[in-house]
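# Structural characterization, general
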Amino acid sequence: LDAAQEMSVTITQAEAVLEGDDEEKATKSQVKGVEGTVGSGSVSSGALAIMLGITPTTSGTAPTRVTTISINSGAKMPYFKLSGMSYDDQTGAMQVLLPKVKLSGDIEFSLEQGTDNWFMPSFDFRGVKDGSGKLIDIILQETATALPTS
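Residues numbered from 1 in each chain as written. Predicted model: local features only at pLDDT ≥ 70, side-chain atom pairs only at ≥ 80, totals over all residues. Heavy atoms only, no water.

### Focus on unusual backbone geometry
- A cis amide bond links Ala62 with the next residue in sequence, Pro63, at an omega value of 5 degrees.
- Its location among the elements puts Pro63 in the loop between strand S3 (57-59) and strand S4 (66-68).
- For Asp21, which is not a glycine, the phi torsion comes out positive at approximately 55 degrees.
- Along the polypeptide, Asp21 turns up in the loop between strand S1 (4-20) and strand S2 (23-40).
- Residue Asp21 is classed as exposed on the basis of its relative accessible area of 67%.
- The phi angle at Asp22 is positive, at roughly 60 degrees, despite the residue not being glycine.
- The topology assignment puts Asp22 in the loop between S1 and S2. (Helix = DSSP H or I, 4+ residues; strand = E, 2+ residues; numbered from the N terminus. Buried < 20%, exposed > 50% of the residue type's maximum accessible area, 1.4 Å probe, protein only.)

### Structural notes on the nonpolar core
- Counting residues in hydrophobic clusters, the biggest one holds 18 residues, and the most contacted among them are Met51, Leu82, Leu98 and Phe125.
- Counting residues per element, the ones that place at least two in this core are S2, helix H1 (45-52), strand S5 (80-87), strand S6 (93-110) and strand S7 (120-127).
- The dominant element in this core, judged by the number of residues it contributes, is H1, at 5 residues.
- With residues up to four places along the chain from it excluded, the contact list for Phe125 reads Ser8, Val9, Glu35, Gly36, Thr37, Val38, Leu82, Leu98, Val101, Lys102, Leu103 and Ser104. (Core = buried A, V, L, I, M, F, W, Y, C linked by side-chain atoms within 4.5 Å. Contact = heavy atoms within 4.5 Å.)

### What to know about the environment of Asp124
- Residue placement: Asp124 occurs in strand S7.
- Assessed through its relative accessible area of 30%, Asp124 is described here as partly exposed.
- Separated by 70 residues in sequence, Asp124 and Ile54 have C-alpha atoms that sit 18 Å apart.
- Contact partners of Asp124, with chain neighbours within four places excluded, come to Gly36, Thr37, Lys102, Leu103, Ser104 and Asp106.
- Within polar-contact distance, the side chain of Asp124 engages the side chain of Thr37 at 2.9 Å. (Polar contact = N/O pair within 3.5 Å; in protein donor to acceptor, adjacent residues only side chain to side chain.)

Put into structure tokens, the structure is as follows:
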């Protein structure tokens, strides 16, 4: 995404409670997956193509090129990798890497009137374990480094 502004991630769990004698005796929980939301100030046609599993079409030549992204009814969403980063107040950062997510829920494209408004796409996602069983990497860095590109 060209101008990501927020990303929230929730690690989802299944929970069971053993009750007896009118009280909770034990509980157990197990991680099931991840889900979350991303809000952005912009999105490229390349990023949309990956997330929607489509191929944009471009016609014309600079500076009047036109790129069209067509989404058909019944389209199936593909899995993709998603990552985000937040900086601390010094030189460090926290990165969140999600190896296998797909769009879930609704995808919103907010278009508003006026010259001081921005195109603000947002989407929900759901993640499952990848081939090695990994759902999420949370990386705490003393010195921030760039997010992975693949």
